[in-house]
Amino acid sequence: MSTPTRKHTALPKAQTLVEALPWLTRHHGRTVVIKFGGNAMVDESLKAAFAQDVVFLRHAGLRPVVVHGGGPQISAALDRHGIVSEFKAGLRVTTEDAMDVVRMVLAGQVQRELVGLLNQHGPLAVGLTGEDAHTITATRHRPRIDGELIDIGRVGEITEIDTGAIQALLADGRIPVVSSIARSEDDGHVYNVNADTAAAALAAALGAETLMVLTDVEGLYEDWPHSDEVISRLTATELEKLLPDLSSGMVPKMEGCLHAVRNGVRTARVIDGRVQHSILLEIFTDEGIGTMVVPDEPDTPGES
Ligand SMILES: Nc1ncnc2c1ncn2[C@@H]1O[C@H](COP(=O)(O)OP(=O)(O)O)[C@@H](O)[C@H]1O
Ligand SMILES: CC(=O)N[C@@H](CCC(=O)OP(=O)(O)O)C(=O)O
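Residues numbered from 1 in each chain as written. Chains lettered and ligands numbered in written order. Predicted model: local features only at pLDDT ≥ 70, side-chain atom pairs only at ≥ 80, totals over all residues. Heavy atoms only, no water.

- Per an unreviewed UniProt entry, the recorded name for the chain is Acetylglutamate kinase, and the organism is Streptomyces griseoluteus.
- What UniProt states about the chain under its Pathway (unreviewed entry) heading is, verbatim, "Amino-acid biosynthesis; L-arginine biosynthesis; N(2)-acetyl-L-ornithine from L-glutamate: step 2/4."
- Under the heading Subcellular location (unreviewed entry), UniProt records this for the chain: "Cytoplasm". (UniProt positions renumbered as here; feature names shortened; annotations may be inferred.)

Here it is as structure tokens:
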């Protein structure tokens with residue numbers, strides 16, 4: 001006699017979980033560095049959904065590390081202090097006074113808020129800046145514009161990463177939340193570092209599986225601002241060729257992705273942080289959403 005089978009209403013949910021199994025198996029125990037951009041952080045419900053996704057990854061057996069930005073929040077605070085925001089080569093010109101505000105906003109406001117949202121789900125998140133335990137060390141960055149080296153103040157170029165504190169937190173099951181401020185190797189003070197650059201350097205130094213950069217566009221547009229055709233996948237060499245034509249905020253993002261995949265990170269992705277649960281969507285969509293950068297294919301035997 002055959003056993004009657006009951007129709008369980010929760011079956012689609014079980015199927016959804018099972019669909020995620022290959023991704024979760026592949027990523028189990030792996031480190032994922034997630035950069036949350038300031039422009040994607042302006043909506044309360046998006047921030048709460050971001051925290052849920054990160055905690056989900058942690059409970060699913062991954063080791064997420066969050067690096068956050070805060071460009072718009074810094075600009076608003078500088079404005080309140082009567083300091084005009086100016087960007088050169090995509091980086092904020094940071095005077096000594098502005099540096100105090102940058103540090104206050106990133107470490108005292110944005111980071112605290114993210115730590116609070118993550119910790120609504122348990123004692124998981126611990127905030128730190130690159131200053132802590134020498135996590136990020138930098139020297140004064142002088143970008144070149146039209147062939148000339150220019151001074152943009154207290155903006156740092158990363159010279160060294162010490163992953164000790166982050167590794168200890170990960171080993172303890174915590175979620176590190178890192179603000180992009182570096183200790184200075186030139187003097188006793190600190191430097192302002194672009195958060196995409198910091199996330200990429202940390203991903204490489206941690207030997208992360210994936211770098212996910214959440215921003216306020218769908219990905220890398222092929223012909224921005226004239227079309228909204230997103231490049232879904234490109235290799236390191238293909239990206240390198242595109243870099244000179246990129247503008248504004250995309251420059252540090254894509255340079256960061258290139259650095260990551262050239263230094264051991266398996267994939268670097270730019271995804272739309274304005275979409276609710278964009279991190280989980282990455283898991284449940286085979287091809288992923290946004291733009292994925294992969295290392296160059298190793299030479300096939302017989303090919304030059
Ligand atoms: N090729 C491109 N594709 C997509 N966005 C681009 C491109 N070139 C420049 N951008 C600009 O880069 C911005 C994202 O960088 P940014 O403002 O620094 O974001 P975040 O705060 O997330 O770091 C987009 O909103 C867009 O205006
Ligand atoms: C040197 C430099 O430009 N630092 C950035 C740091 C914050 C950041 O990168 O925030 P987003 O990721 O939101 O752009 C700044 O001062 O705006």
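### Topic: a negative patch on the surface
1) Next: Side chains of E218, E222, D223, D228 and E229 sit close together on the surface and give a patch of like negative charge.
2) Next: Take D228: its relative accessible area is 57%, and that puts it in the exposed class. (Patch = residues over 30% accessible without salt bridge, like charges linked within 9 Å, V, L, I, M, F, W, Y side chains within 5 Å. Areas by Shrake-Rupley, 256 points an atom, 1.4 Å probe, with all protein chains shown as cover. Salt bridge = Lys/Arg side-chain N within 4 Å of Asp/Glu carboxyl O. Lys, Arg positive; Asp, Glu negative; His and termini not counted. Charge placed at Lys NZ, Arg CZ, Asp CG, Glu CD. Buried < 20%, exposed > 50% of the residue type's maximum accessible area, 1.4 Å probe, protein only.)

### Points about the site of ligand 2
1) Next: Near ligand 2 you find 14 residues, and of these K35, G38, R92, N192 and A195 are the closest.
2) Next: A distance of 2.5 Å separates an oxygen atom of ligand 2 from a polar atom in the side chain of K35.
3) Next: At 3.0 Å, a backbone N or O of G71 approaches an oxygen atom of ligand 2.
4) Next: The protein chains hide 92% of the 430 Å² of surface that ligand 2 would expose on its own.
5) Next: At a threshold of 2 Å from the grid points, most atoms of ligand 2 map onto the largest pocket.
6) Next: Residues that form the shell around ligand 2 fall into these classes: five nonpolar, seven polar and two charged. (Near = heavy atom within 4 Å. Polar contact = N/O pair within 3.5 Å; in protein donor to acceptor, adjacent residues only side chain to side chain. 1 Å grid on protein atoms, 1.4 Å probe; cavity = no way out; pocket = protein on both sides within 12 Å on 5 of 7 lines; lining within 4 Å. Sits in = over half its atoms within 2 Å of the grid points. Nonpolar A, V, L, I, M, F, W, Y, C, P; charged D, E, K, R; others polar.)

### Considering the packing of helix α7 (residues 195–206) against helix α9 (residues 250–262)
1) Next: Packing of α7 against α9 leaves a shortest axis separation of 8 Å and a crossing angle of 5°. For the element pair α7 / α9, the angle class is roughly parallel. Contacts from D196, T197, A200, A201 and A204 in α7 reach P252, K253, G256, H259 and A260 in α9.
2) Next: Its residues placed into classes, the contact of α7 with α9 shows five nonpolar, three polar and two charged. (Axes fitted to C-alpha atoms, helices over the stretch in contact; angles between N-to-C directions. Helix = DSSP H or I, 4+ residues; strand = E, 2+ residues; numbered from the N terminus. Parallel < 35°, antiparallel > 145°, perpendicular 65-115°, else oblique. Contact = heavy atoms within 4.5 Å.)

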